[in-house]
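# Topology and contacts: notes
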Amino acid sequence: MVSETSGNLRGDLARVKEHLALVRGKLSNMVDILAEKGKAAMASLAKKLEELEAEREELERSESRLKKELEAEECQILDAHEQLRTLSLFRELVELNENHPERIKAMLPRFMDYVVWREENGAGTLEVALFPRLFLAPEDLTLKMMLKEVVDRQEGDACGSAMSLVRGRVSIGVTDGI
């Protein structure tokens, strides 16, 4: 969804830039006409010049707004990629320690800020808020060792890189069968 919005914004920005170039060209042509014909052309071109200047200003504001929106959208794309990397890393660590539930229990607070279960009419929602980055304390030697093992197993895959891990929150819908 974020990528689609980003694509739409890029298209809008390209159309605004194209229209802005046309308007600037028309303004330039009008200046040339004024230079050639002098005062005789002034009266008929004054109104058109004013309209084109207003249109140029509006297009420049639109261009600026679209650039800001596109930048914000691209930040969301990066945040989504970081969340996916963190969730993938978390899954790898859980799989790596499926026979060691005490390790899984110990690492949960390093990934999750809070967990909330909401139930209505036999169905519920589990909300899991991840920390902006994996929280490691100096005493987390076991978790650091597990992370190294995941990195070594992935041999340079994005999840094992030293990039920041996650921003935002993840909500998971759960039905009454669980």
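As a starting point, this report considers the structure included with it. (Residues numbered from 1 in each chain as written. Predicted model: local features only at pLDDT ≥ 70, side-chain atom pairs only at ≥ 80, totals over all residues. Heavy atoms only, no water.)

Turning our eyes to something else, we now look at unusual backbone geometry. The phi torsion at N121 lies on the positive side, around 55°, for a residue other than glycine. Structurally, the position occupied by N121 is in the loop between strand 1 (112–120) and strand 2 (123–130). The exposure class of N121 is exposed, given its relative accessible area of 83%. (Helix = DSSP H or I, 4+ residues; strand = E, 2+ residues; numbered from the N terminus. Buried < 20%, exposed > 50% of the residue type's maximum accessible area, 1.4 Å probe, protein only.)

Okay, the pattern of salt bridges next. Applying the stated criterion across every chain yields a total of ten salt bridges. With its nearest N and O atoms 2.6 Å apart, the salt bridge here joins E53 to R56. Of this pair, E53 and R56 both sit in helix 2 (residues 39–96), separated by three residues, roughly a single helical turn. Classification of E53 by relative accessible area gives partly exposed; the value is 28%. Judged by relative accessible area, R56 falls into the buried class, the value being 18%. As a salt-bridge pair, E63 and K67 come within 3.9 Å of each other at their nearest N and O atoms. Note that E63 and K67 are positioned in helix 2 at a spacing of four residues, about one turn of the helix. You can call K67 partly exposed: its relative accessible area is 41%. Members of the salt-bridge network, linked through shared partners, are R24, E53, R56 and E60. (Salt bridge = Lys/Arg side-chain N within 4 Å of Asp/Glu carboxyl O.)

For the rest of this paragraph, the subject is the pairing of strand 2. Sheet topology note: the strand 1/strand 2 ladder contains eight bridges and is antiparallel. Paired with R118 across the strands is T125, a residue of strand 2. The turn joining strand 1 and strand 2, which pair antiparallel and follow one another in sequence, is formed by two residues; a positive phi near 55° is taken by N121. (Pairing = 2+ DSSP bridges.)

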